[in-house]
Amino acid sequence: MRIVHTPEALQAVGMEWRRQGLKVALVPTMGYYHEGHASLIRYARSVADKVIVSLFVNPAQFGPNEDLEAYPRDLERDSALVRELGGDLLYAPDPAGMYASDHATWVEVPALAGTLCGVSRPIHFRGVCTVVMKLFMLAQPSLAVFGEKDWQQLAIIRKMVADLNVSVEIVGRPIVREADGLALSSRNVYLTAGERAQAPQLRKSLEMAARLAADGERDAAVIVGAVRAYLTAHLPAGEEDYIAVVDPASLVRVERLEGDALCALAFRLGKARLIDNILLKVEG
Ligand code: AMP
């Protein structure tokens, strides 16, 4: 496995592999790997000739009061894992290499970025879209792999590549969880033991939402209300950012479930902001 640190080096490899007609998969990450990241890299390895993993804590997607400095980092452990999983290239740039001091171009999908996480994180998805687009231009992959844990991110990137005719196939992969249901996240290290013990209630509340839908509940407000009541009782240390039932592709709020919908939530728990989601399956 090669490690490169500059955009020029990544682009040289990406162009060469494309010239050779190889199928290249890109897995964009911010590092501090867990089994969720590993599942994306394994998937990429299983479908592509070459696997590029990018590891970049992207300053452009952090707001002024967010955890850019505190975000956990361990390049040595992460690079060992990518090597072990059969990655071909790890791209680990410096912020100054990715953004010139006069950087002035942004990619935005406001219609999908102004809801859910975008309400409390107004510049987040603009930072994500811009860095992902830059990574696409550099690595020139055939496909890129993302986790469904960040469902809104995945929906926005799908819309971005469709609208801009970007010839990269976007693949979404299932959420990897701890045995007790908590979605794996690099930010789970922020949780105290007490918070960690309560955190699986988020998943339990979403499973309840899915059961309500499966049992025939079609009123989204009833489902949101039930999730809220459950978490008020079982996650007393948590502070709601949002609980919503939306169309899985457009992310528009749904009033009545007429097809599959997504129930998504974000809660603050101590120093961590945790997100999770579940598909509400509607028969017929
Ligand atoms: P991050 O390093 O947190 O920016 O995540 C990099 C990629 O890993 C994104 O596509 C995430 O959606 C994905 N990811 C993060 N956590 C999980 C998880 N628990 N299961 C599956 N994918 C995940």
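See above for the structure.
Focus on the packing of helix 1 (residues 7-19) against helix 7 (residues 124-139)
Then, number 1: Taken N-terminus to C-terminus, the directions of helix 1 and helix 7 make an angle of 55°; their axes are 7 Å apart at the nearest point. With respect to helix 7, the element helix 1 is oriented oblique. For the pair formed by helix 1 and helix 7, the contact residues are P7, L10, Q11 and G14 on the first element and M137, L138 and A139 on the second.

Comments concerning the packing of helix 10 (residues 201-214) against helix 11 (residues 220-234)
Then, number 1: Packing of helix 10 against helix 11 leaves a shortest axis separation of 9 Å and a crossing angle of 150°. Taken together, the axes of helix 10 and helix 11 lie roughly antiparallel to each other. Read as a crossing pair, helix 10 and helix 11 show a hand that is right-handed. The residues of helix 11 that touch helix 10, namely those facing Q201, L202, K204, S205, M208, A209, L212 and A213, are I223, A226, V227, Y230, L231 and H234.
Then, number 2: In the contact of helix 10 with helix 11, the residues fall into 10 nonpolar, 3 polar and 1 charged.

Quick look at the environment of Y242
Then, number 1: Mapped onto the elements, Y242 comes out in strand 7 (residues 238-246).
Then, number 2: What makes Y242 buried here is its relative accessible area of 8%.
Then, number 3: It is 26 Å that separates the C-alpha atoms of Y242 and E35, two residues lying 207 residues apart in sequence.
Then, number 4: Those residues in contact with Y242, other than ones at most four positions away along the chain, are L116, C117, A264, L265, A266, F267 and R273.

What to know about the site of the ligand
Then, number 1: Taken together, 18 residues form the shell around the ligand, and within it H37, G147, D150, V176 and L184 come nearest.
Then, number 2: For the ligand, an oxygen atom lies 2.9 Å from a polar atom in the backbone of G147.
Then, number 3: Bound to the protein, the ligand loses 93% of the 480 Å² it would expose on its own.
Then, number 4: Listed by contribution, the elements that provide at least two residues to the shell around the ligand are strand 2 (24-29), helix 2 (35-47) and strand 5 (143-147).
Then, number 5: The element contributing the most residues to the shell around the ligand is helix 2, with 3 residues.
Then, number 6: Residues belonging to the shell around the ligand are distributed by class as follows: 9 nonpolar, 7 polar and 2 charged.

Details of the packing of aromatic side chains
Then, number 1: All chains considered together, the criterion is met by 3 aromatic pairs.
Then, number 2: Considering the side-chain rings of F56 and Y99, the 6.3 Å spacing of their centres and the 35° angle between planes classify their relative orientation as tilted. Of this pair, F56 sits in the loop between strand 3 (50-55) and helix 3 (75-84) while Y99 sits in the loop between helix 4 (95-98) and helix 5 (110-113), and the two are 43 residues apart along the sequence. Each member of the pair, F56 together with Y99, is buried.
Then, number 3: When the centroid spacing of 6.0 Å and the interplanar angle of 80° are considered together, the rings of F62 and Y71 count as edge-to-face. The same class applies to F62 and to Y71, which are both buried.
Then, number 4: Among the aromatic side chains, those forming a connected cluster through ring pairs are F56, Y99 and W106.
Then, number 5: Directly above the ring of W106 sits R126, whose terminal nitrogen or CZ lies 3.9 Å from the centroid.

Quick notes on the pairing of strand 8 (residues 261-269)
Then, number 1: With respect to burial, strand 8 is a largely interior element, 8 of its 9 residues being buried.
Then, number 2: As defined by bridge partners, strand 7 adjoins strand 8 across 8 bridges and the pair is classed as antiparallel. Opposite E239, over in strand 8, you have R268 as the bridge partner.
Then, number 3: Pairing of strand 8 with strand 9 (residues 272-280) involves 9 bridges; the strand directions are antiparallel. Among the inter-strand pairings, A261 is bridged to a residue of strand 9, identified as L280.
Then, number 4: From the end of strand 8 to the start of strand 9, which pair antiparallel, there are 2 residues, and G270 there has a positive phi angle of about 60°.

Focus: the sheet that holds strand 8
Then, number 1: Judged by pairing direction, the sheet is antiparallel, and its 3 strands sit side by side in the order 7-8-9 without closing on themselves. Across the chains shown, the open sheet's two edge strands, defined by having one partner strand only, are strand 7 and strand 9. Sheet twist, expressed as the mean angle between neighbouring strand axes with direction ignored, is 15°.
Then, number 2: Strands in contact with helix 11 are strand 7, strand 8 and strand 9; relative to strand 7, the strand with the most contacts, it is inclined by about 160°.

Here's the deal with helix 10
Then, number 1: Spanning 14 residues, helix 10 covers 20 Å between terminal C-alpha atoms, matching the ideal 20 Å at 1.5 Å per step.
Then, number 2: What helix 10 keeps buried is the set Q201, L202, R203, S205, L206, M208, A209, A210 and A213.

Cut-offs and rules
- Residues numbered from 1 in each chain as written.
- Predicted model: local features only at pLDDT ≥ 70, side-chain atom pairs only at ≥ 80, totals over all residues.
- Heavy atoms only, no water.
- Axes fitted to C-alpha atoms, helices over the stretch in contact; angles between N-to-C directions.
- Helix = DSSP H or I, 4+ residues; strand = E, 2+ residues; numbered from the N terminus.
- Parallel < 35°, antiparallel > 145°, perpendicular 65-115°, else oblique.
- Contact = heavy atoms within 4.5 Å.
- Left-handed = near helix turned anticlockwise from the far one by under 90°.
- Nonpolar A, V, L, I, M, F, W, Y, C, P; charged D, E, K, R; others polar.
- Buried < 20%, exposed > 50% of the residue type's maximum accessible area, 1.4 Å probe, protein only.
- Near = heavy atom within 4 Å.
- Polar contact = N/O pair within 3.5 Å; in protein donor to acceptor, adjacent residues only side chain to side chain.
- Areas by Shrake-Rupley, 256 points an atom, 1.4 Å probe, with all protein chains shown as cover.
- Phe/Tyr/Trp six-rings, centres within 6.5 Å; stacked < 30°, edge-to-face > 60°.
- Lys NZ or Arg CZ within 6 Å of the ring centre and 35° of its normal.
- Pairing = 2+ DSSP bridges.
- Expected span 1.5 Å × (residues − 1).

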